[in-house]
Amino acid sequence: MKKPLILAIETSCDDTSAALIAGNCDVLSNVISTQKEVHAKYGGIVPELASREHIRTLIPIVEMALEKAEIGLKDIDAVAVSANPGLIGSLLVGVSFAKGLAFSLQKPLIAVNHIFGHVFANFLEHKNIEFPFLSLIVSGGHTELVIFSSSVEYTILGKTVDDAAGEAFDKIGKLLGLPYPGGPFIDSLAVGGNKLAIEFPLPMLKHDNFDFSFSGLKTAGMLYLKEKGTLDEAATHDFAASFQHAIVEVLFQKTIKALKEHSLKTFLLAGGVAANSELRSTFTNYCNESNIRLFYPSEKYCTDNAAMIGAAAQFKYKKKKFASLELNASSVKGMKLL
Ligand code: KG4
Ligand code: ZN
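Definitions and cut-offs
- Residues numbered from 1 in each chain as written.
- Chains lettered and ligands numbered in written order.
- Predicted model: local features only at pLDDT ≥ 70, side-chain atom pairs only at ≥ 80, totals over all residues.
- Heavy atoms only, no water.
- Pairing = 2+ DSSP bridges.
- Helix = DSSP H or I, 4+ residues; strand = E, 2+ residues; numbered from the N terminus.
- Axes fitted to C-alpha atoms, helices over the stretch in contact; angles between N-to-C directions.
- Contact = heavy atoms within 4.5 Å.
- Disulfide = S-S within 2.5 Å.
- Buried < 20%, exposed > 50% of the residue type's maximum accessible area, 1.4 Å probe, protein only.
- Donors = N, O, S within 2.8 Å, 3.2 Å for Na, K, Ca; no water.
- Domains from an automatic or database assignment.
- Buried area = accessible area lost by both parts, 1.4 Å probe.
- Salt bridge = Lys/Arg side-chain N within 4 Å of Asp/Glu carboxyl O.
- Polar contact = N/O pair within 3.5 Å; in protein donor to acceptor, adjacent residues only side chain to side chain.
- Nonpolar A, V, L, I, M, F, W, Y, C, P; charged D, E, K, R; others polar.
- Expected span 1.5 Å × (residues − 1).

A.B. asks: When you look at the sheet that holds strand β8 (residues 154-159) in this model, what are you seeing that I'm missing?
C.D. replies: Remark on secondary structure: sheet strands pair via backbone hydrogen bonds, oriented parallel or antiparallel. Across the sheet, which stays open at both edges, the five strands sit in the order β8-β7-β6-β9-β10 with mixed pairing between neighbours. Lying at the two open borders of the sheet, with one neighbouring strand each, are β8 and β10 (293-295). Averaged over neighbouring strand pairs, the angle between their axes works out to 20° when direction is ignored. As paired strands, strand β6 (residues 133-138) and strand β7 (residues 143-148) are joined by six bridges and run antiparallel to one another. Residue pairing in the sheet places Val-138 in a bridge with Thr-143 of β7. Strand contacts of helix α9 (residues 233-261): β6, β7, β8 and β9 (266-270), with the helix running at about 160° to β6, the strand carrying the most contacts. Sheet contacts for helix α10 (residues 277-290): β6, β9 and β10; angle to β9, the most-contacted strand, approximately 175°.

Right, dumping it as structure tokens:
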């Protein structure tokens, strides 16, 4: 097995996860315990319940990850943890545990920015990605367009000025009475619908920058539903397809503008919304025609998981970028490297 061997921990939101990642970003195990059922009846995440659930499940999940990989704690070369951004109480559970474990094993501690984790999830399954590349990170909490010139040098071209793309999917999902999170359900409903049935606004498309905004679109969706009252089955499919198309179209147009302006030939999709089928097919078609290398993680690595934290940590390990035991979690949004 290729060294170094990293135990990675992810507790930034509502998934408790531990993974063992060997050198070259190979996954030996990746165990995830989702709290979706705990939060389902509230229609969103309750931060206090999330922290308590992490405390209850983290140690058994780490034990399962070690067992699955057939690794003993003494074989680990470093402990990595998602330290920012996220829900502060949730992050603190993982960070405190990782600090304690690194100290007791006398091994280096690696702090990973969760958004970086999403981007580096791509390296778990694709071993031929080369820098520089453009990355679109779309999740429940983030929408960012970033150029990576190396594993530690990056330029943020744009980000959402209000809601994240996933948040827009989830809020509309809630109004449609779908389970939380609504994104994957809207994706499925859209399959049988006409994406041109409703003309939703395409926010910020005309602005000469790479920023996004989804709160106006969300309001337009909400007003449409209010005006129409209950939708029949066909109308629900059309609504889902049209709403999804508006989100995908804005993400797509801004991204291809960035690819062209910066003459980039490699593009990585990342984050939970990267699992969206229209987003994937739209980029697949464009990248095939334009000779751009497109990468996206398989669905299980799109949403939150510890394997992606381990992948990002492998790059930091190579550059000896270790955290001190003074490390603190931070909920501040953004791509700051701790
Ligand atoms: O990356 P992630 O697990 O959490 C954050 O870091 O925020 O992303 C979760 C988000 C949710 O908003 C969920 O609705 C969305 O990803 N999502 C999708 C799909 N699968 C997950 N959105 C649209 N289509 C999907 N297939
Ligand atoms: Zn995430």
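A.B. asks: For this particular structure, what's the right way to read the state of the cysteines?
C.D. replies: A covalent bond between the sulfur atoms of two cysteines is referred to as a disulfide. Within the structure shown, the criterion is met by zero disulfides. Cys-287 carries a free sulfur, and the closest cysteine sulfur to it, the one in Cys-302, is 15 Å from it. Exposure remark for Cys-287: the relative accessible area of 2% places this residue in the buried category.

A.B. asks: Looking at this structure, how should I read the environment of Lys-206?
C.D. replies: Looking at the secondary structure, you find Lys-206 in the loop between α7 (183-190) and α8 (215-228). It is 21 Å that separates the C-alpha atoms of Lys-206 and Ile-137, two residues lying 69 residues apart in sequence.

A.B. asks: Whenever I open this one, the coordination of the zinc ion (ligand 2) confuses me. Can you help?
C.D. replies: Around the zinc ion (ligand 2), the protein supplies His-114 (NE2), His-118 (NE2) and Asp-304 (OD) as donor atoms, at distances of 2.0 to 2.1 Å. All donors to the zinc ion (ligand 2) come from one chain, and their sequence spacing reads H-x3-H-x185-D. Remark: His-118 and His-114 occur in helix α4 (residues 114-120); sequence separation between them is four residues, near one turn of the helix. Of the two residues, His-114 and His-118, neither departs from the other in class, the shared state being buried.

A.B. asks: Just checking my understanding: could you explain the domain arrangement of the protein for this structure?
C.D. replies: One frequently used descriptor of interface size is the decrease in accessible area upon assembly of the parts. Domain annotation of the protein identifies domain 1 (6-120 + 301-318) and domain 2 (129-296). Computed from C-alpha coordinates alone, the two centres of domain 1 and domain 2 are separated by 27 Å. Listed by partner, the interface residues are 15 residues for domain 1 and 20 residues for domain 2. Interface of domain 1 and domain 2: buried area, both sides summed, is about 1,400 Å²; carbon and sulfur atoms make up 79% of it. One can count zero salt bridges joining domain 1 with domain 2. Here domain 1 is connected to domain 2 by one residue pair in polar contact (both at pLDDT 80 or more). The leading source of residues in the side of domain 1 that touches domain 2 is α4, at five residues. Classifying every residue of the side of domain 1 that touches domain 2 gives nine nonpolar, four polar and two charged.

A.B. asks: Which parts of the structure should I look at to understand α10?
C.D. replies: Since one α-helical turn is 3.6 residues long, residues separated by three or four positions face the same way. Here α10 is 14 residues long and its end C-alpha atoms lie 20 Å apart, about the 20 Å a rise of 1.5 Å per residue gives. Looking at α10, one finds that the buried residues are Glu-278, Leu-279, Arg-280, Thr-282, Phe-283, Tyr-286 and Cys-287. On its buried face, α10 is in contact with β6, α9, β9, β10 and α11 (299-302). Downstream of α10 by a residue or two, Asn-291 has a phi angle that is positive, lying close to 60°.

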